[in-house]
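Architecture and fold: a report
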There are 2 protein chains.
Amino acid sequence: MKSLEERFGEILRNLREKNGITQEALAADCDLDRTYISLLERGLRQPTIGTLFKIAEALKVPPSKIIKELESN
Amino acid sequence: MKSLEERFGEILRNLREKNGITQEALAADCDLDRTYISLLERGLRQPTIGTLFKIAEALKVPPSKIIKELESN
DNA sequence: TTTAAATTCTGACTATAGTCTTCAAGGATA
DNA sequence: TATCCTTGAAGACTATAGTCAGAATTTAAA
């Protein structure tokens with residue numbers, strides 16, 4: 001089965017695309033590097049909870065919703 | 001107001017005490033270092049989401065519940 | 001009080017989160 | 001074709017998550 005990082009990456013990419021923004025725009029919104037967003041989406045990094053909160057806010061979704069989605073599947 | 005790390009630390013300590021276990025026992029349960037649990041509880045570190053999941057499981061609470069509690073206050 | 005258990009503190013260390021630069025690859029569009 | 005936009009990728013780097021050993025301090029019982 002997929003790792004936590006990979007599953008987080010899928011969720012992140014889905015949410016970003018649903019918001020219709022590029023990795024670069026998302027990175028700017030949450031004050032992170034564009035290449036790091038790429039790493040996250042490909043499951044090559046896992047965020048700290050502080051970074052989770054920044055990303056969730058930029059994507060206009062509660063951080064707990066992302067975590068909840070990680071708990072299933 | 002308190003930082004995310006400090007608020008996480010308080011939640012962690014409350015949950016651990018509710019479970020009636022020591023930092024050392026908790027650390028053993030989630031395969032982390034005892035001094036690191038101490039750092040977390042004092043708000044001097046923030047966990048990655050992987051570490052959050054390990055801690056939550058040891059404390060028998062859904063990770064999303066901890067995050068949800070962080071969203072309020 | 002003293003002893004033991006629990007936690008804090010220090011400091012040095014390893015692993016990994018997160019940055020930055022630059023270039024290459026792929027998909028649109030003209 | 002040529003150009004633009006977006007993402008992937010390499011590599012070197014900085015910041016911080018997480019470890020480890022041990023001493024100092026606090027807390028709770030005896």
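Along each chain, residues carry numbers from 1 onward, in the same order as the chain's sequence is written. Here the convention is simple: chains get letters from A, ligands get numbers from 1, in the order in which they are written. Local features in a predicted model are, by the rule used here, given only for residues with pLDDT of at least 70; side-chain atom pairs are given and counted only at 80 or more, and totals for whole chains, interfaces and linings are based on all residues. Hydrogens are left out, water is left out, and the side-chain values use all remaining heavy atoms of the structure.

**Quick look at the relation of the copies chain A and chain B**
The atoms used to superpose the copies are C-alpha atoms, taken from residues with pLDDT of at least 70 in both, and the fit is least squares. Rotating chain A by 180° and translating it 0.0 Å along the rotation axis places it on chain B, where the RMSD comes to 0.0 Å. The relationship between the two copies is best expressed as a two-fold rotation axis. Of the C-alpha atoms belonging to chain A, the one lying closest to the rotation axis is found on T48 of chain A, 1.9 Å away.

**Focus: the protein's contact with DNA strand C**
Residues are counted as near a molecule or strand when any one of their heavy atoms sits within 4 Å of it. Near DNA strand C lie 20 residues; those nearest to it are Y36 and T51 of chain A together with R13, R16 and R42 of chain B. In DNA strand C, the atoms that sit within 4 Å of the protein are 66% sugar and phosphate, with bases accounting for the remainder. The definition of a polar contact used here is a pair of N or O atoms within 3.5 Å, where within protein one atom must be able to donate a hydrogen and the other to accept one, and adjacent residues in sequence count solely through side-chain atom pairs. Between DNA strand C and the protein, one listed contact pairs a phosphate oxygen with a side-chain N or O atom of T48 of chain A at 2.9 Å. Here a helix means four or more residues in a row that DSSP labels H or I, a strand means two or more in a row labelled E, and each is numbered from the N terminus. Breaking the surface near DNA strand C down by element, the ones donating at least two residues are α3 (34-41) of chain A together with α1 (4-18) and α3 (34-41) of chain B. The nonpolar class holds Ala, Val, Leu, Ile, Met, Phe, Trp, Tyr, Cys and Pro. Asp, Glu, Lys and Arg form the charged class, and all remaining residues, Gly among them, are polar. Here the surface near DNA strand C is composed, by residue class, of three nonpolar, nine polar and eight charged.

**Focus: the protein's contact with DNA strand D**
Taken together, 20 residues are adjacent to DNA strand D, and R13, Q23 and R42 of chain A together with Y36 and T51 of chain B come closest. For DNA strand D, the fraction of atoms within 4 Å of the protein that belong to sugar or phosphate moieties is 67%. Broken down by secondary-structure element, the contributors of at least two residues to the surface near DNA strand D are α1 (4-18) and α3 of chain A together with α3 of chain B. Broken down by class, the residue content of the surface near DNA strand D amounts to three nonpolar, nine polar and eight charged.

**A look at the packing of α1 of chain B against helix α5 (residues 63-71) of chain B**
All names here are of chain B. Contact geometry of α1 with α5 gives a least axis separation of 10 Å together with a crossing angle of 130°. Taken together, the axis directions place α1 and α5 in an arrangement best described as oblique. The chirality of how α1 crosses α5 is right-handed. Within the contact between the two elements, α1 uses L4, R7, F8, I11 and L15 and α5 uses I66, E69 and L70. Here the contact of α1 with α5 is built from residues that sort into six nonpolar, no polar and two charged. Axis definition: a line fitted to C-alpha atoms, over the contacting stretch in the case of helices. Angles run 0 to 180 degrees between N-to-C directions. By definition in this entry, angles of less than 35 degrees are roughly parallel, angles greater than 145 are roughly antiparallel, angles of 65 to 115 are roughly perpendicular, and the rest are oblique. The hand of a helix crossing depends on one turn: near helix anticlockwise from the far one by less than a right angle means left-handed, and clockwise means right-handed. By definition in these notes, contact holds between two residues if any of their heavy atoms fall within 4.5 Å.

**Side note on the interface of chain A and chain B**
If you look at the interface, chain A gives 16 residues, while chain B gives 16 residues. Buried surface at the junction of chain A and chain B, summed over both partners, amounts to about 1400 Å²; 78% is from carbon and sulfur atoms. A side-chain nitrogen of Lys or Arg and a carboxyl oxygen of Asp or Glu constitute a salt bridge if their distance falls within 4 Å. Our count for the chain A to chain B interface comes out at zero salt bridges. Where chain A meets chain B, there are seven residue pairs in polar contact (both at pLDDT 80 or more). Mapped by element, the contributors of at least two residues to the side of chain A that touches chain B are α1, α4 (49-58) and α5 (63-71) of chain A. If one sorts the elements of the side of chain A that touches chain B by residue count, α5 of chain A sits on top with six residues. Summed over both partners, buried area is the accessible surface (1.4 Å probe) that two parts give up on being assembled.

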